[in-house]
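These are the residues of each chain, in order.
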Amino acid sequence: MKNTCPETEDTKLAAAILPEPLAVLAARTACALEQSVQRFVLAGDQNLGHLEDRAARDVQALLREATQRAAQAKADAIPPLCPVCRKELTSCSDGHARTFDTRFGAITVERTRGRCKRCGKWRTPADAALGLEETAGYSPAVQGMAALLASKMPVEDASVVLEHLTGIKLPRATLDREARRQGERAQRLRTRMDQQAATDKQQLELTLEPYQMIIQMDAWNIRERDDWGQSAKLRRAGKEPERWHWVYTGTCFRLDHRGKTAGGRPVITERGYVSTRWGIDALREQLHAESLRRGLGQAASALVIGDGAVWLWRLADDRFPQARQRLDFYHAVQHLAVVGRALFGEDKVKLKAWLKPLVQQLKNQSAIKVIRQLEAALVGLKDKSAVATVTREVNYFHEHEARMDYRAGARRGEPIGSGPAEATCRQMQCRFKRTGQFWSRKGDEALMCLETFWRNGRWHLLFPHTAPVNPARN
Ligand SMILES: [Zn+2]
């Protein structure tokens, strides 16, 4: 290939004086690409990766220029109306420059600003049209990338990964700030959506087959630190700057959305997730709204599954009064094991021999049969602490007897354990509970909210320029 068109001093000079038509810039970009291709073909030590990187850099200037012009043209075309109430703005003035980073580099846009008398606020309609209102200075594409990366990995990694993959430089602190800002925006959107779900008259969709709604909850904890930068001072005063804080997580799905992969692994094709550190009340409202969005209103029945925590059943009584309740089977087995240890101490062989048939009975027969045997074990038991333990566990089984309908549940094809909720907690912990990691109250809720938007397949509601993704995970 000989017919390349090397750039001359004349074309550079012309470009500096007059804005080049995009087609000219595109032609120059094509020349640069051709040169890169030639160099690549001749370079014995380069593989295709070298060209891929080089080509992406070659087209960067063209893409940046196109984006800049498009942004400016769009800003110019926006009528001077308040983006909130649509009233005409007054005292308008032009030329308010704003520079921000896009995925192709920094661009500057001049905008019109005016006052909305009805809202009593200064408004810049172009910012709303371009998606720049709720950002520290990044285009929507960069906002989305910062938010996604920060919700998936520690920010120091996110910053390096982002630059490595895209060439976008976002220092750690800036990326952190931008991700939190997007997380706060996600929280506001979540609140609006939850209110809507709770007040909406549910559109009665015709369901071909009656289905059941499964709702599961669990809790885990993260380490938080409130007074950033004050740790040493607090420690000197005898106070610990860190504390553990509960995060409440819930998941809901339709029983008929449960299936298996080709490889036989059980999956749930559509599933709602909720995660919050704002306490049980917040979980209650968020999980109720999520269940409504997933079809609770049309469900023939609902089933709440969880471990034995008191808060969980209270929440279920309060928000899902029609739902049946089931104690996680594995949890019940753990309580049987507690009795076994009280009876047999360290004798593992005896413990196993005693436990195995009871577990089978609990699963395949009935809880009351198991309870009768625990009560029988109490008779003649001498050791005081063993008596106390077994008595406590007998009471526990009595209290939850109605929630131990494992045989009937399994026959109906319902889950008997809260595995999906626990799996969700484990996945969340991979991100939010790393060694040496501390969170602030605001920061973790914001990032967790982003994570739930992603998991729920609603990322595109937050970043409408992205295609819907359903990262079905189990
Ligand atoms: Zn207004």
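Residues numbered from 1 in each chain as written. Predicted model: local features only at pLDDT ≥ 70, side-chain atom pairs only at ≥ 80, totals over all residues. Heavy atoms only, no water.

A. Inspection of the overall build of the protein at higher detail. Of regular secondary structure, the protein possesses 18 helices and 10 strands. The buried share of the protein, reckoned over its 474 residues, is 44%. The contacts of the protein with a sequence gap of at least 6 include a subset with a gap of at least 24, amounting to 67%. When the accessible area of the protein is evaluated, it comes to approximately 25700 Å², of which 54% is carbon and sulfur surface. (Helix = DSSP H or I, 4+ residues; strand = E, 2+ residues; numbered from the N terminus. Buried < 20%, exposed > 50% of the residue type's maximum accessible area, 1.4 Å probe, protein only. Contact = heavy atoms within 4.5 Å. Areas by Shrake-Rupley, 256 points an atom, 1.4 Å probe, with all protein chains shown as cover.)

B. View of the pairing of strand E1 (residues 90-102). By the bridge criterion, nine bridges tie E1 to strand E2 (residues 105-116) in an arrangement that is antiparallel. Within the sheet, the bridge partner assigned to Thr102 lies in E2 and is Gly105. Between E1 and E2, which pair antiparallel in sequence order, lie two residues. (Pairing = 2+ DSSP bridges.)

C. Focus on the coordination of the zinc ion. Each protein donor to the zinc ion is listed here as Cys82 (SG), Cys85 (SG), Cys116 (SG) and Cys119 (SG); together their distances run 2.1 to 2.3 Å. Coordination geometry of the zinc ion: the four donor atoms subtend angles of 98 to 116° at the metal centre, consistent with an arrangement described as tetrahedral. The sequence pattern formed by the donor residues of the zinc ion is C-x2-C-x30-C-x2-C. Here Cys116 lies in strand E2 and Cys85 lies in the loop between helix H3 (48-77) and E1, a separation of 31 residues in the sequence. (Donors = N, O, S within 2.8 Å, 3.2 Å for Na, K, Ca; no water. Tetrahedral: all angles 85-135°; square planar, octahedral: opposite > 155°, others 65-115°.)

D. Spatial organisation of the nonpolar core. Ranked by size, the top nonpolar core spans 44 residues in total, and within it Val304, Leu336, Leu362 and Leu374 carry the most contacts. It is helix H11 (residues 329-344) that contributes the most residues to this core, six residues altogether. Not counting the four nearest positions on each side in its chain, Val304 is found in contact with Ile215, Met217, Leu312, Trp313, Ala316, Phe320, Ala323, Arg324, Gln325 and Arg326. Residues Met145, Met153, Ile168 and Trp454 belong to the second largest nonpolar core, which totals 33 residues. (Core = buried A, V, L, I, M, F, W, Y, C linked by side-chain atoms within 4.5 Å.)

These figures come from the coordinates and say nothing about function on their own.
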